[in-house]
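The chain contents come next:
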Amino acid sequence: MSFLDTLRQWDEATTCVDRQDLSEALKIFLSIQEPNSKIYFNIGCLHLLNQDLDTAEKAFDCSIGKDEHLAVAFFQRGITFYRTERYEESLADFQHAYKALRGNQLIDYKALGLRYKLYACEVLHNVALVEAHLGNWEKAQKNLVKALDYKTDIKLNIIDRALQSTLKQKLFKPVEFPSKVLFKPNKHYVAELEKKDYLGKAKVVASVVPQDQFSGFAPLQPQVESGPARPKEPEVLRALEGEPHTVLFQFVPETSDELAVVPGNIVFVLKKGDDNWASVIFNERRGLVPYNYLERLEISVSSKQNDGLSELPNREPPTRPKRKQGLTPSNAQPKDKQPPDNSCIVKVRFTFNFAVLVPIGSSYAVLVGKISKKLKVSPAAVTLR
């Protein structure tokens, strides 16, 4: 039997005791295959309540066998022996219980799941009672006097009455363990027995299927009779202008229109000049970079994702080409440059923003044609709002 099963049955049995169903509680306790010392103690207490003293004695024997330092188990077995008038064995158990206290005034078992405090003065009180039954009145008085050293305010009357009885050589009642007080399992462990749904139930937020009530991790998808569609080209590849190139060498700009790049950067060449300079875009910035510092890079949807970039050369970078007036490509249009008088700029807001240049007075079809050409889709797929 696993620890969780034992814990679950232990909790069920103590719940039955709280409901005053002692027979069902005892039945559950006895069904536990590998009881610990606390469960054996509980079994002994239930047998003691049923006046089944022999079975109670065996249960307390098992409890002490599991934990020989459990003082309250010695105390309860001593009570069992006392009820069967086996006073010598009862005396030995009360003395064991006193030794297990190790000079302390009391042991509070609350931390172990038992709401009970075993007081040293009460143990000595029972020792004195058994000594009185054996006819050792002087020893009984000595144990009661010793109990006064461990007494508390709430226990003072018990010790005083017992001491007065011994002076008259009269017997007195023993201090007994309270009925129906048992060891309970750790409440934090019991709380963990309940199953917890940390993920919760999935809820469909949006679906292409009307009235989709699917509650799994993904909504239902419509089936295509003609088989799976070809993967679409990512919009990001359509939106990028120019030819992709890999930077092979570090380039440090010397003028404001040149662009700083390092090996491994991917830039997009807009235009290449005859003087070996190229106008490129990198991180949304335009500038000039020597073309002999770059290497063309092929990007497509069918490219293997796991294929890494080719190793960068370890050789020295080439010499910086000389820029020639009129041959070096312009990196950007002047801010004050305006479209021709007979044209206008139309800004289009899509998954990305872009602009197209159309003649003034152009028809709707001409505008749609330029936009579809920019997006590389058919004009029928473009709708303007």
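Colleague: An account of the nonpolar core is requested, with residue identities and associated values reported.
Modeller: Membership of the largest hydrophobic core comes to 64 residues, with the highest contact counts inside it found for Phe 29, Phe 41, Val 72 and Leu 114. When residues in this core are grouped by element, the largest group, nine residues, is from helix 7 (residues 120–133). Filtering out sequence-adjacent residues up to four positions away, Val 72 remains in contact with Phe 41, Tyr 109, Leu 114, Tyr 116, Leu 118, Phe 177 and Phe 183. Formed by 16 residues, the second largest nonpolar core is a distinct cluster that contains Leu 248, Val 267, Phe 282 and Tyr 293.

Colleague: Before we move on, can you summarise the side chain of Asn 42 with the specific residues and values?
Modeller: Secondary-structure assignment places Asn 42 in helix 3 (residues 37–49). Residue classification places Asn 42 among the buried residues on the basis of a relative accessible area of 0%. Every residue in contact with Asn 42, bar those within four places of it in the chain, is listed here: Trp 10, Phe 29, Leu 182 and Phe 183.

Colleague: Can you break down the packing of aromatic side chains residue by residue, with the values?
Modeller: The tally for this structure, following the rule as stated, stands at 11 aromatic pairs. Where Phe 41 meets Phe 183, the ring centres are 5.3 Å apart and the plane angle is 75°; that geometry is what we call edge-to-face. Placement of Phe 41 in helix 3 and of Phe 183 in the loop between helix 9 (156–167) and helix 10 (187–191) is noted, with a sequence separation of 142 residues between them. The buried category is assigned to Phe 183, whose relative accessible area is 0%.

Colleague: Residue-level account of the pairing of strand 5 (residues 277–282), with values.
Modeller: Buried residues dominate strand 5, accounting for six of its six residues. Pairing of strand 4 (residues 266–272) with strand 5, which is carried by four bridges, proceeds in the antiparallel orientation. Looking at strand 5, one finds that Val 269 is bridged to Val 280. From the end of strand 4 to the start of strand 5, which pair antiparallel, there are four residues, and Asn 276 there has a positive phi angle of about 70°. Pairing of strand 5 with strand 6 (residues 285–290) involves six bridges; the strand directions are antiparallel. Directly across from Ser 279, in strand 6, lies its bridge partner Leu 288. Joining the antiparallel neighbours strand 5 and strand 6 is a turn of two residues, in which Asn 283 adopts a positive phi near 55°.

Colleague: Outline the environment of Val 269, supporting the account with residue identities and numerical values.
Modeller: When you line up the elements, Val 269 lands in strand 4. Residues Val 269 and Val 280 lie 11 residues apart in sequence; the distance between their C-alpha atoms is 4.3 Å. Not counting the four nearest positions on each side in its chain, Val 269 is found in contact with Gly 242, Glu 243, His 245, Ala 278, Ser 279, Val 280, Tyr 291 and Leu 294.

Colleague: Help me get a handle on the sheet that holds strand 7 (residues 294–296), residues and values and all.
Modeller: One open sheet accounts for five strands, arranged 6-5-4-3-7; its pairing is antiparallel. Of all strands in the sheet, those with a lone pairing partner are strand 6 and strand 7, marking the two edges. If you compare each strand with its neighbour and ignore which way they point, the axes differ by 45° on average. Pairing analysis gives three bridges linking strand 3 (residues 243–247) to strand 7, with the strands arranged antiparallel. From the neighbouring strand, His 245 faces strand 7, where its bridge partner is Arg 296.

Colleague: Give a detailed account of the pattern of salt bridges, specifying residues and quantitative values.
Modeller: Counted under the stated rule, the structure contains eight salt bridges. Between Arg 83 and Glu 176 there is a salt bridge, with the nearest N and O atoms lying 3.4 Å from each other. Taken together, the positions of Arg 83 in helix 5 (residues 71–83) and Glu 176 in the loop between helix 9 and helix 10 put the pair 93 residues apart, joining distant regions of the chain. According to the relative accessible area criterion, Arg 83 is partly exposed, its value standing at 32%. Here the salt bridges do not stand alone but share partners, grouping Glu 57, Arg 86 and Glu 89 into one network.

Colleague: Can you break down the side chain of Asp 93 residue by residue, with the values?
Modeller: Tracing the chain through its elements places Asp 93 in helix 6 (residues 87–100). With sequence-adjacent residues up to four places away left out, Asp 93 is seen in contact with Phe 74, Arg 77, Gly 78 and Phe 81.

Colleague: Provide a residue-level description of the packing of helix 1 (residues 3–18) against helix 3, including the pertinent values.
Modeller: One way to put it is that helix 1 packs onto helix 3 with a least axis distance of 12 Å and a crossing angle of 30°. Between helix 1 and helix 3, the crossing angle belongs to the class labelled roughly parallel. Handedness of the helix 1/helix 3 crossing: left-handed. Two secondary-structure elements touch here, helix 1 through Thr 6, Trp 10 and Val 17 and helix 3 through Lys 38, Ile 39, Asn 42 and Leu 46.

About the thresholds
- Residues numbered from 1 in each chain as written.
- Predicted model: local features only at pLDDT ≥ 70, side-chain atom pairs only at ≥ 80, totals over all residues.
- Heavy atoms only, no water.
- Core = buried A, V, L, I, M, F, W, Y, C linked by side-chain atoms within 4.5 Å.
- Buried < 20%, exposed > 50% of the residue type's maximum accessible area, 1.4 Å probe, protein only.
- Helix = DSSP H or I, 4+ residues; strand = E, 2+ residues; numbered from the N terminus.
- Contact = heavy atoms within 4.5 Å.
- Phe/Tyr/Trp six-rings, centres within 6.5 Å; stacked < 30°, edge-to-face > 60°.
- Pairing = 2+ DSSP bridges.
- Axes fitted to C-alpha atoms, helices over the stretch in contact; angles between N-to-C directions.
- Salt bridge = Lys/Arg side-chain N within 4 Å of Asp/Glu carboxyl O.
- Parallel < 35°, antiparallel > 145°, perpendicular 65-115°, else oblique.
- Left-handed = near helix turned anticlockwise from the far one by under 90°.

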